[in-house]
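So the chains spell out like this:
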Amino acid sequence: MPPKPGVIPLGPLRIGDILNGAFATVGRHGKQLFGIGAAAYGGALAVVAAAIAIAYSATAGHLDRLVSLSSDEDPRTGDWVPVLIAFCVVALVCLIVGVLATALMYAAVPSVLQEAVLGRPTTFSTLWRQAWARVPAVIGTVFLTSLIAMIPLVLVWAGVVALIVGLAGSGGDGVSVALIVIGVLGALATAPLALWLWVKFSLAPSVVVFENQGPIAAMRRSSVLVRGDWWRIFGISLLAGAMAGVASYAIQLPFTFIGMFSGMLGSANLSDDPNPTSIVVAMSGYLLALLVGQLVSQLIVATFPPLVTGLLYVDRRIRTEDLGPVLAEAAAVPPQYGYAG
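Computed from a predicted structure; not experimentally measured.

Conventions used here
- Residues numbered from 1 in each chain as written.
- Predicted model: local features only at pLDDT ≥ 70, side-chain atom pairs only at ≥ 80, totals over all residues.
- Heavy atoms only, no water.
- Helix = DSSP H or I, 4+ residues; strand = E, 2+ residues; numbered from the N terminus.
- Buried < 20%, exposed > 50% of the residue type's maximum accessible area, 1.4 Å probe, protein only.
- Contact = heavy atoms within 4.5 Å.
- Areas by Shrake-Rupley, 256 points an atom, 1.4 Å probe, with all protein chains shown as cover.
- Core = buried A, V, L, I, M, F, W, Y, C linked by side-chain atoms within 4.5 Å.
- Patch = residues over 30% accessible without salt bridge, like charges linked within 9 Å, V, L, I, M, F, W, Y side chains within 5 Å.
- Salt bridge = Lys/Arg side-chain N within 4 Å of Asp/Glu carboxyl O.
- Phe/Tyr/Trp six-rings, centres within 6.5 Å; stacked < 30°, edge-to-face > 60°.
- Axes fitted to C-alpha atoms, helices over the stretch in contact; angles between N-to-C directions.
- Nonpolar A, V, L, I, M, F, W, Y, C, P; charged D, E, K, R; others polar.

Enquirer: Quick rundown of the overall build of the protein? Include the residues and the values.
Expert: Broken down by element type, the protein carries 11 helices and zero strands. Listed N to C, the secondary structure of the protein is α-α-α-α-α-α-α-α-α-α-α in terms of helices and strands. Split into buried and exposed, the 341 residues of the protein put 38% on the buried side. Across the protein, contacts joining residues at least 24 apart in sequence account for 77% of those joining residues at least 6 apart. For the protein, the exposed area adds up to about 17800 Å²; of that, 72% sits on carbon and sulfur atoms.

Written out as structure tokens, the structure is:
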């Protein structure tokens, strides 16, 4: 039997070992993991809420005029342009803080696993420093991986859209419909390639943290580690994602019912002709419940699948590089960042 100083035995892992290791890591280091997640996503939510509040206060007059327009009135440029700009700014803020929060979790999970596999404790401050230091590399890795995986789909649709635009002025409606069908079929045909690329580079975020690699080197390393075990990694990753999705739905459901009940109570107090502000206030309980449910469920989605992916990385190195004895020896010595040896 291989030694087990931490959450997994230091030998080739079965699917049960990987799932049990992920659950054990949550049990032993849940405070640190969920603390990082709450700080990341809670902070992101606070920034988005502040951006929405600022945008609304800056465009409240324009919004009131747009909402009060009758069906035969056209909106003035001076009203809809500021609203559109505010919406775009808020959307950009959401994108930036969402990427940062997700990247921080992608970096935090392998950082925890480094100690969990060796049976060592970790602290919130140590985890935060280690994770934050790798956030830029993780962002680059996730961006490049997503971009490469989406290239086949984007190329198909770009070609179809170009053809449709070229034929739009010639009255070729039937041809345009045929091209749309071809585009859909082409996207379906290239979806397996996109999925193959996604799995091929799925271990790259773990490599970034475990081995302190840059994005390109991490993607190359992931490709090497995945080689010969694509189907197993795909199946286990899919299972982890499905488990996290079911748990997320189960968590959000009671919050949704609470929010609906709160929204019904709030809407009962509205006047016959409410203004946008009173509607927002009346629905604030519903929105708050949804946000809390989404935050809690996001912690599960952002934690469990990356834990499984990180353990798949460790498993592949144990199988292909005989990492088990190295980890067993490392478990008996003072902490050292990374498994690059």
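From this point, the narrative continues.
Enquirer: Can you tell me about the nonpolar core, naming the residues and giving the values?
Expert: Formed by 62 residues in total, the largest nonpolar core has its most connected members in Val308 and Leu327. In terms of residues, this core owes the most to one element, helix H2 (residues 77-116), which gives 11 residues. Other than its neighbours up to four places away in sequence, valine 308 contacts Ile18, Leu19, Ala22, Ile236 and Ala240.

Enquirer: Pulling in residues and values, what's your account of a nonpolar patch on the surface?
Expert: Taken together, the side chains of Leu92, Leu95, Ile96, Val99, Leu100 and Trp132 present a nonpolar region at the surface, about 550 Å² in accessible area. No other element matches the five residues that H2 contributes to the nonpolar patch. Here leucine 95 shows up in helix H2.

Enquirer: Any details on unusual backbone geometry? Residues and values, ideally.
Expert: A negative phi angle is the norm for most residues apart from glycine, just as the trans form is the norm for most peptide bonds. A positive phi is found at asparagine 212, a non-glycine position, where the angle reads about 60°. By secondary structure assignment, the location of asparagine 212 is in the loop between helix H5 (204-210) and helix H6 (215-226). The phi dihedral of aspartate 322 falls on the positive side, at around 55°, and the residue is not glycine. Along the chain, aspartate 322 turns up in the loop between helix H10 (304-321) and helix H11 (323-330).

Enquirer: An account of the packing of aromatic side chains is needed here, citing residue identities and associated values.
Expert: Counting across every chain of the model gives seven aromatic pairs. Ring geometry for phenylalanine 124 against tryptophan 128: centres 6.0 Å apart, planes inclined by 25°, an arrangement best described as stacked. Of this pair, phenylalanine 124 and tryptophan 128 both sit in helix H3 (residues 124-168), four residues apart, which is roughly one turn of the helix. You can call phenylalanine 124 partly exposed: its relative accessible area is 37%. Of the residues examined, tryptophan 128 reaches a relative accessible area of 29% and is grouped as partly exposed.

Enquirer: How would you summarise the packing of H10 against H11 if you had to cite specific residues and measurements?
Expert: The contact between H10 and H11 brings their axes to 7 Å, and the two run at 115°. In this structure, H10 uses Val314, Arg317, Ile318 and Glu321 to contact H11, whose residues at the interface are Leu323, Gly324 and Leu327. Of the residues belonging to the contact of H10 with H11, the class tally is four nonpolar, one polar and two charged.

Enquirer: Can you tell me about the environment of tryptophan 196, naming the residues and giving the values?
Expert: Locating tryptophan 196 in the fold gives a position in helix H4 (residues 173-200). Distance in space between the C-alpha atoms of tryptophan 196 and phenylalanine 234 is 8.7 Å, their sequence separation being 38 residues.

Enquirer: How would you sum up the pattern of salt bridges? Please name residues and give values.
Expert: For the structure on display, the rule yields nine salt bridges. Here arginine 232 ties to aspartate 229 by a salt bridge, and the two come within 3.2 Å at their closest N and O atoms. A salt bridge links arginine 319 to aspartate 315, with the shortest nitrogen-to-oxygen separation between them at 2.9 Å. Here the residue arginine 319 and the residue aspartate 315 both occupy positions in helix H10, the gap between them amounting to four residues, near one helical turn. Using a relative accessible area of 39% as the deciding quantity, one classes arginine 319 as partly exposed.

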